[in-house]
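Residue strings, one per chain:
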Amino acid sequence: MYSDDSLGWIIDLALAGDRLVGIDALLDPSVHVFHPQSVERLGSYGKRGDGPGEFKDPEQIVPAPDSPDAVWILDGVHQRLTWLSVSEIEAGSVVAPETFRMDGPNAGSLVRAPNGQWFAGGWITGGRVARYRADRSYDRTILGFPSGVEAPGMTLLQAYESRVVANPAGHLLAAGTLLGGLLDIIDYDGTLIAHAAVSGAFQPVWRQGRSRGGRAVMSLGPEARYGFTDLVGTERYVYGLFSGRSVDGPGTPWATTHVQVYTWDGNYVKTLHLDRAAEAITVDASDTWLYATGPDPTPWVGRFLLQGHLR
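Keep in mind it's a predicted model, so treat the numbers as computed, not measured.

Considering the nonpolar core
In step 1: Membership of the largest hydrophobic core comes to 17 residues, with the highest contact counts inside it found for Tyr 239, Val 259, Leu 274, Ile 281, Leu 290 and Ala 292.
In step 2: Elements that contribute at least two residues to this core include exactly β21 (237-242), β22 (256-263), β23 (268-278), β24 (280-283), β25 (289-294) and β26 (300-305).
In step 3: In contact with Leu 274, other than residues within four places in its own chain, are Thr 257, Val 259, Leu 290, Ala 292 and Phe 304.

As structure tokens, then:
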């Protein structure tokens, strides 16, 4: 376990080659590199701004499947990706990081599939998951909203906002709702493979609201709850941080000690229980170590042994 106020607010974790990477969305710098065994911080990079290599709203790390030393950092406000070398961050010698635009719906959860295509959750036009071409241009929405559910304006986009992960072996995606207990397994064309047998499943609940400009939007009341606040996919399993707590709950209600585990055919395996509430996780390719981060009592990053707990 590594804990330090200077970590700020680590909102996402990912493994890149033999290093662990985290995004700090609160303080400068914005990207931290950790040793995966000791969880010691090895280097940091970034600052807030609108220029090349700067971040306005860093919200996700996207590992580069064909380059273990590289990660993309998704900036939500700019809807752009910044390509960074992890070894350069560790060495403190980052030079001219590359930036690429996303072209399409507002991606809030992004994954690059083994075949080079991109898939995203977030506020997706007409559904929950969008598909992008290898050049990051929008192709089409492949997973819609549940049948029979209707609401005007932005309401459904917000209510069914989903996290998306890909199976590293290819051809399968998992989409879990942030404000609901729904987890769907689909292929790259959006064909449903399975509605996962979610432990504690529930539908998103919202009140119809209006923005200051009069646009129809989702409004949250105490009956709304957090569902899957983070997802991770390995070749064997889908891991989901699952809260179930009211959005009006005390502290950080999206943080949770519960990690639900599913197979890629949608079967529930078990729920793992961490000894502290986490808001982001990642898991190594061998399903041996789970890495997590949280804000309390001080910002921390740690690793947890999985081996033997998934049988």
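There is more to say, and it comes next.
Points about the environment of Asp 139
In step 1: Following the sequence through the fold, Asp 139 ends up in strand β13 (residues 138-143).
In step 2: For Asp 139, a relative accessible area of 27% translates into the label partly exposed.
In step 3: A sequence separation of 21 residues divides Asp 139 from Trp 118, and the C-alpha atoms of the two residues are 9.5 Å apart.
In step 4: In contact with Asp 139, other than residues within four places in its own chain, are Arg 131, Tyr 132 and Arg 133.

Topic: unusual backbone geometry
In step 1: In this model, Asp 28 is joined to Pro 29 through a cis peptide bond whose omega is -5°.
In step 2: Within the fold, Pro 29 resides in the loop between β3 (19-24) and β4 (31-34).
In step 3: Following Asp 296, the chain continues into Pro 297 via a peptide bond in cis, with omega recorded as -5°.
In step 4: Not every positive phi belongs to a glycine, and Ala 96 is a case in point at roughly 50°.
In step 5: Here Ala 96 lies in the loop between α1 (86-91) and β9 (98-101).
In step 6: What makes Ala 96 exposed here is its relative accessible area of 63%.
In step 7: You will see that Arg 136, though not glycine, has its phi angle at about 75°, which is positive.

Parameters and conventions
- Residues numbered from 1 in each chain as written.
- Predicted model: local features only at pLDDT ≥ 70, side-chain atom pairs only at ≥ 80, totals over all residues.
- Heavy atoms only, no water.
- Core = buried A, V, L, I, M, F, W, Y, C linked by side-chain atoms within 4.5 Å.
- Buried < 20%, exposed > 50% of the residue type's maximum accessible area, 1.4 Å probe, protein only.
- Helix = DSSP H or I, 4+ residues; strand = E, 2+ residues; numbered from the N terminus.
- Contact = heavy atoms within 4.5 Å.

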